[in-house]
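Overview (structure and organization)
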Amino acid sequence: MDKAFKGMAVFTSVIMFLLMIAGTLVTDTDSGMGCGSDWPLCNGKFIPEYTVATMIEYTHRLITGFAGIVVIIFSIWAWRRYRGIREVKGLAILGISFIIVESIIGAAAVLWPQSAEVLAMHFGFSLLAFTGVVLLSVFVVQKDRSHLFVKSAVSKRFKWFAWITVAYAYLDIYSGTYLRHVKASLACTDFPGCYPGNFLPLAGLPGIHYLHRMAAVVLFCLVLGLLIYSYRHLRGNRPDLYYASLIAFILTLLQGVSGVLVVLTRLNIFTTLSHSALITLLFAVLFYIALQTRKKPE
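Residues numbered from 1 in each chain as written. Predicted model: local features only at pLDDT ≥ 70, side-chain atom pairs only at ≥ 80, totals over all residues. Heavy atoms only, no water.

1. Quick word on helix 4 (residues 116-142)
The test is simple: Each helix corresponds to a stretch of at least 4 residues labelled H or I by DSSP, and each strand to a stretch of at least 2 residues labelled E; elements are numbered beginning at the N terminus. A helix's residues, less one, multiplied by 1.5 Å, set its expected span. Note on exposure labels: buried denotes an accessible area under 20% of the residue type's maximum, exposed denotes more than 50%, and partly exposed covers the range between, all computed with a 1.4 Å probe on protein chains only.
Look at helix 4: 39 Å from first C-alpha to last across 27 residues, which is about the 39 Å you get at 1.5 Å a residue. Along helix 4, 21 of the 27 residues are buried, which leaves the element largely enclosed by surrounding structure.

The structure is reproduced here in structure tokens:
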């Protein structure tokens, strides 16, 4: 039973990650209306005729539906198995609630025109659903070994800093998603400046683009702060936080490189997908760090 349950945990996390990538692919290829304004049918059919945009959108819908079923099964299984553990209950609710909300917003975006602000929320809710599932999976996998790395509590200051970093990361991700939906991804075509003759734009789409760049720099500094503190004070007694901070820092560096490549390659599909994949993983790791700050030795 333990082997099957842990296998289900890993499988659910993989499906949710594929869902995140599929959603990004829909946005990056402008395939959101690949099935027209029909939902749940695609161009009035259960099995639509083949076009690239239609297949991308239809595949995204199929993955969403399948992921929703898998997440509900896994979350209820975990809830019943670890009845009474608040962390499991909270993560299960997080995963189920936000995949439902994400699906509703996705359907609404097809049936009725939505603003860029609402469309950006679609990715944000998907991210919260993914994070809830992944952290629930991590809990399942490391449940019997937590005493090996949770050897002391952390300071209140570090706990607040970790949660502030998570909240800021979410806002930064929202700004990046909003940037894509308002078609500002190439409003700046140079790096580190915006474009020749304008290093620091202050208005319009270039201003939105450059604001996201500056927000990313602040996020880098926050993650670096987590790493420095955990290296100095937590490396011995809280290796979970130290290694998670190190992974977060590496992901942040890769995320920055992928962001530059998105501009320099003029929205190459592989760089844009990498950019979204890295920020998805980074947010989950940061949320893990914040959640682990609540842990105390058993």
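Now that the structure is up, let's keep going.
2. Side note on the state of the cysteines
Filter applied, for reference: The disulfide criterion used throughout: a pair of cysteine sulfur atoms within 2.5 Å.
If you walk through the whole model with that rule in mind, you get 2 disulfides. For Cys35, the disulfide goes to Cys42, at an S-S distance of 1.9 Å. Its S-S torsion of about -80° marks the bond between Cys35 and Cys42 as left-handed, since a negative value means left-handed. Cys42 gets classed as buried once you look at its relative accessible area, which sits at 0%. Note that Cys188 is cross-linked by a disulfide to Cys194, the S-S spacing being 2.0 Å. Between Cys188 and Cys194 the disulfide shows an S-S torsion of about -90°. By sign, it is left-handed. Overall, Cys194 belongs to the buried group, its relative accessible area being 0%. Sequence-ordered numbering of the bonded cysteines in the protein gives a pairing of 1-2, 3-4. Left without a disulfide partner, Cys221 is nearest to the cysteine sulfur of Cys188, which lies 20 Å away. A relative accessible area of 46% places Cys221 in the partly exposed class.

3. Thoughts on the packing of helix 4 against helix 6 (residues 156-181)
Packed helices, taken two at a time, are described by the angle between their axes plus the distance between the axes. Short version of the rule: Axes, fitted as lines to C-alpha atoms, cover a helix only where it is in contact. Angles between the N-to-C directions of the axes lie from 0 to 180 degrees. Convention used here: angles under 35 degrees read as roughly parallel, angles over 145 as roughly antiparallel, angles from 65 to 115 as roughly perpendicular, and any remaining angle as oblique. What makes a crossing left-handed is the near helix being turned counterclockwise from the far one by less than a right angle; a clockwise turn instead makes it right-handed. Contacts between residues were defined by any pair of non-hydrogen atoms, one from each residue, lying within 4.5 Å. Residues are sorted three ways: Asp, Glu, Lys and Arg are charged, Ala, Val, Leu, Ile, Met, Phe, Trp, Tyr, Cys and Pro are nonpolar, and all the rest, Gly among them, are polar.
For the pair helix 4 and helix 6, interaxial distance at closest approach is 8 Å and the crossing angle is 135°. Looking at the two axes, helix 4 sits oblique to helix 6. Helix-helix and strand crossings are classified by hand; for helix 4 and helix 6 the assignment is right-handed. For the pair formed by helix 4 and helix 6, the contact residues are Ala116, Glu117, Leu119, Ala120, Met121, Phe123, Gly124, Phe125, Leu127 and Leu128 on the first element and Tyr170, Ile173, Tyr174, Thr177, Tyr178, Arg180 and His181 on the second. When the residues that make up the contact of helix 4 with helix 6 are grouped by side-chain class, the tally is 12 nonpolar, 3 polar and 2 charged.

4. Quick notes on the side chain of Ser152
Note on placement: Ser152 falls in the loop between helix 5 (146-149) and helix 6. Note on Ser152: relative accessible area 19%, which makes it buried. Here Ser152 is in contact with Asn237, Arg238, Lys295 and Pro297, once residues within four sequence places are set aside.

5. Some thoughts on unusual backbone geometry
Between Phe191 and the following residue, Pro192, the backbone shows a cis peptide bond with an omega angle of 5°. By the element assignment, Pro192 lies in the loop between helix 6 and helix 7 (204-233). In this model, Asp30 sits at a positive phi of 55°, which is unusual for a non-glycine residue. A positive phi angle, close to 65°, is found at Leu267, a residue other than glycine. One can find Leu267 in the loop between helix 8 (239-264) and helix 9 (269-292).

6. Remarks on the packing of aromatic side chains
The relation between two aromatic rings is expressed through the spacing of the ring centres and the mutual angle of the planes. Short version of the rule: Aromatic rings from Phe, Tyr and Trp, taking only the six-membered ring of Trp, are treated as a pair when their centres fall within 6.5 Å; an angle between ring planes under 30 degrees marks them as stacked, one over 60 as edge-to-face, and anything in between as tilted. Geometrically, a charge over a ring is one whose NZ (Lys) or CZ (Arg) sits within 6 Å of the ring centre while staying within 35 degrees of the ring normal.
Overall, the coordinates contain 14 aromatic pairs when judged by the stated rule. The interplanar angle of 80° and the centroid separation of 5.6 Å between the aromatic rings of Trp163 and Phe287 together place this pair among those described as edge-to-face. Taken together, the positions of Trp163 in helix 6 and Phe287 in helix 9 put the pair 124 residues apart, joining distant regions of the chain. Its relative accessible area of 13% is what places Phe287 among the buried residues. Measuring from centroid to centroid gives 5.6 Å for Phe220 and Phe249, while their planes differ by 40°, and the two rings are tilted. Of the two residues, Phe220 is situated in helix 7 and Phe249 in helix 8; the sequence distance between them amounts to 29 residues. Residue classification places Phe220 among the partly exposed residues on the basis of a relative accessible area of 26%. Cation over ring: Arg180 sits above Phe123, and NZ or CZ is 5.7 Å from the ring centre. Lying across the ring of Tyr231, Arg235 places its NZ or CZ 4.0 Å from the centre.

7. Re the pattern of salt bridges
What counts is decided by this rule: Take a side-chain nitrogen of Lys or Arg and a carboxyl oxygen of Asp or Glu: if they are within 4 Å of each other, that pair is a salt bridge.
Applying the stated rule across the entire model yields 5 salt bridges. For Lys183, the salt bridge identified is with Asp30, shortest N-O distance 2.7 Å. Here Asp30 lies in the loop between helix 1 (2-28) and helix 2 (52-81) and Lys183 lies in the loop between helix 6 and helix 7, a separation of 153 residues in the sequence. Classification of Lys183 as exposed rests on a relative accessible area of 55%. We note a salt bridge from Arg238 to Asp240, for which the minimum N-O separation is 2.9 Å.

8. As for the environment of Gln255
You can see Gln255 is positioned in helix 8. Spatially, the C-alpha atom of Gln255 lies 10.0 Å from that of Thr280, the residues being 25 residues apart in sequence. Setting aside residues no more than four positions away along its own chain, Gln255 makes contact with His275, Leu278 and Ile279.

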